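Chain residues, written in single-letter form:
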Amino acid sequence: CRYKIGELAAMWIFAGAMTGIRPSEWATVKIINNYIDCSGVVYNRIIQITSAKKGGLAKCYSELKRHLIFDHWIDDEVYLLMTFINSLPEENIEFSKLRKQVQHTIVKACNRAIGAEKNFTIYSCRHLYASEYRRLPGSTRYKLAAALGHSDMRTTMVYLHVAQIQPKLPHSPLDSLYQINID
């Protein structure tokens, strides 16, 4: 069971960094094949997320959903994402317990690898996603806000501000894991 949580934690980091989905939203994720949007465009595969937000526009709607297109992903990435999603429990009580176990495993592993003063959490994957997203050609803060499910641009600006004021950091927060000398 111990190693299974470690494997799940690694998949969670990958999935979170590739999608920017909030840790609490993974319980709501659905994969939809052959999705047709309101303009008639057909997508082979999308992820539908029900927002976990409690503020902003979520106060006005009982259920806010957003969609992430992953038609352009390579097959290995799709396989990992599908494996991760299929390994998540459907019941909220079990999901909450699993999320806490995964979080504990990630913090413990990062503390061993890069020191106790640095905490990389499953929520940090959203920041990693935002940092990488802003490097894409044609990306805007409005597109990033939509991808992250933000209804308030001030929230998105926190993600952008953090990414812009630290230009001397490694390309990715995970890069520091590979700079460790192992004797």
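All values reported here derive from a predicted model rather than from experimental measurement.

S.K.: Is there a simple way to explain the pattern of salt bridges in this structure?
M.R.: Opposite charge on two side chains makes pairing possible when the charged atoms of those side chains draw close. Counted under the stated rule, the structure contains four salt bridges. Ionic pairing is found between Arg-22 and Glu-25, a salt bridge with its closest N-O pair at 2.5 Å. Assigned by exposure class, Arg-22 and Glu-25 land together as buried. Between Arg-135 and Glu-132 there is a salt bridge, with its nearest N and O atoms 3.1 Å apart. Arg-135 gets classed as partly exposed once you look at its relative accessible area, which sits at 42%. In this structure Glu-132 comes out as partly exposed when scored by relative accessible area, which is 28%.

S.K.: It is not clear to me how the pairing of strand E3 (residues 65-69) should be interpreted in this structure. Could you clarify?
M.R.: Note on strand geometry: in a regular strand, side chains alternate between the two faces of the sheet. Burial of the side chains of E3 is restricted to one face: Arg-66 and Leu-68 are buried, whereas none of Lys-65, His-67 and Ile-69 on the reverse face is. Pairing of strand E2 (residues 42-50) with E3 involves five bridges; the strand directions are antiparallel. Residue pairing across strands places Ile-46 opposite Ile-69, the latter belonging to E3.

Basis of the calculations
Residues numbered from 1 in each chain as written. Predicted model: local features only at pLDDT ≥ 70, side-chain atom pairs only at ≥ 80, totals over all residues. Heavy atoms only, no water. Salt bridge = Lys/Arg side-chain N within 4 Å of Asp/Glu carboxyl O. Buried < 20%, exposed > 50% of the residue type's maximum accessible area, 1.4 Å probe, protein only. Helix = DSSP H or I, 4+ residues; strand = E, 2+ residues; numbered from the N terminus. Pairing = 2+ DSSP bridges.

Everything listed is a geometric property; what it means functionally is a separate question.
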